[in-house]
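# Structural features, examined
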Amino acid sequence: MEIPEGERRVWLSRTANPWLRLVAAATGAVAVAAPLVGTGAPTASMWLLIVPFAVASAAVLVCSSVRVRVGGRGVDVAFGPLGWPVRRWDAADVEWARAERRTPAQVGGWGYRLSGLGTTVMLRAGECLVIRAGGKEFAVSVDDAERGAALLNSLAGARAERP
């Protein structure tokens, strides 16, 4: 992709998995309902139910949606409905980027996955933006990944050979 002198380009994409949001809501409901089912005041044994379900709810909620921004600084991948935490790569650190079709079976399931393909944020099967930086691959399932990869390669200068 050619970027004319003096112009800035930005590519944005986001996706969410409604099933993961439902799981987060259900586990959160268990954490909230546990003290209500008892006497109203959480006892020591109730904390053994509340804490794990609250932590599980927060973890699943953070992994239920993602927002990707490719711009002049590089790539930002923001997680969850609040856009936090954020993973960032400077454009100068990116070796290459490409679009690739992946399925949950290839990466080990839904959510934030570590596999032989590297790190993947799998919220839906299909097109993923794959970034190689620091000798490691990171992929995120978003729409229009090919355009995001083209812009990122232009910004990064695509120094290394791409597969």
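Model, not experiment: these values are computed from the prediction.

## Considerations on helix H2 (residues 44-62)
Structural remark: α-helix, 3.6 residues per turn; residues separated by three or four positions point the same way. Helix length check: H2 (19 residues) gives 28 Å between terminal C-alpha atoms against 27 Å at 1.5 Å per residue, within 8%. Regarding H2, the residues found buried are Met46, Ile50 and Ser57. Burial along H2 is one-sided: seen end-on, the buried residues are contained in an arc of 40°. When the buried face of H2 is taken as reference, the exposed residues oriented beyond 90 degrees from it are Ala44, Ser45, Leu48 and Val55.

## What to know about the pattern of salt bridges
Inspection of the entire model under this criterion finds 9 salt bridges. Between Arg98 and Glu100 there is a salt bridge; the shortest N-O distance is 2.4 Å. According to the relative accessible area criterion, Arg98 is buried, its value standing at 18%. Notably, a salt bridge pairs Arg147 with Asp144, separated by 3.4 Å at the nearest N-O pair. The class of Asp144 is partly exposed, set by a relative accessible area of 34%. Linked by salt bridges that have partners in common, Arg98, Glu100, Arg102 and Glu137 make up one network.

## Looking at the packing of aromatic side chains
Per the counting criterion, the structure on display carries 2 aromatic pairs. Between Trp89 and Phe138, the aromatic rings sit 4.8 Å apart at their centres with planes inclined by 45°, giving tilted as the arrangement. Of the two residues, Trp89 sits in strand E4 (residues 86-90) while Phe138 sits in strand E9 (residues 136-141), which places them 49 residues apart along the sequence.

## Points about the sheet that holds strand E1 (residues 11-16)
Here we have 4 strands laid out as an open sheet, ordered E1-E2-E3-E4, and antiparallel in their pairing. Two strands in the sheet have a free side with no partner beyond their single neighbour: E1 and E4. Ignoring strand direction, the axes of neighbouring strands in this sheet form an average angle of 10°. By the bridge criterion, 5 bridges tie strand E3 (residues 74-79) to E4 in an arrangement that is antiparallel. Across the sheet, residue Val75 finds its bridge partner in E4, namely Trp89. Docked against the sheet, helix H4 (residues 145-156) engages E1, strand E2 (65-71) and E3, running at close to 40° with respect to E2.

## Things to note about the nonpolar core
Ranked by internal contacts, the top residues of the largest apolar core, which has 24 residues, are Val68 and Leu129. Those elements that place two or more of their residues in this core are E2, E3, strand E5 (94-102), strand E8 (126-133), E9 and H4. The element that contributes the greatest number of residues to this core is H4, accounting for 5 residues. Those residues in contact with Val68 that sit more than four places away from it in its chain are Trp11, Leu12, Ser13, Val75, Asp76, Val77, Leu129, Val140 and Val142. Among the nonpolar cores identified, the runner-up in size contains 6 residues, and Trp96, Val107, Val130 and Ala139 belong to it.

## Some thoughts on the pairing of E2
Among the 7 residues of E2, 5 are classified as buried, and the element is accordingly described as predominantly covered. Here 6 bridges tie E1 to E2, and the two strands are oriented antiparallel to one another. Bridged to Thr15 within E2 is Val66. Where E2 meets E3, 6 bridges bridge the pair, whose relative direction is antiparallel. Its bridge partner being in E3, Arg67 is matched across the sheet by Ala78.

The rules behind these values
Residues numbered from 1 in each chain as written. Predicted model: local features only at pLDDT ≥ 70, side-chain atom pairs only at ≥ 80, totals over all residues. Heavy atoms only, no water. Helix = DSSP H or I, 4+ residues; strand = E, 2+ residues; numbered from the N terminus. Expected span 1.5 Å × (residues − 1). Buried < 20%, exposed > 50% of the residue type's maximum accessible area, 1.4 Å probe, protein only. Arc of directions from axis to C-beta. Salt bridge = Lys/Arg side-chain N within 4 Å of Asp/Glu carboxyl O. Phe/Tyr/Trp six-rings, centres within 6.5 Å; stacked < 30°, edge-to-face > 60°. Pairing = 2+ DSSP bridges. Axes fitted to C-alpha atoms, helices over the stretch in contact; angles between N-to-C directions. Contact = heavy atoms within 4.5 Å. Core = buried A, V, L, I, M, F, W, Y, C linked by side-chain atoms within 4.5 Å.

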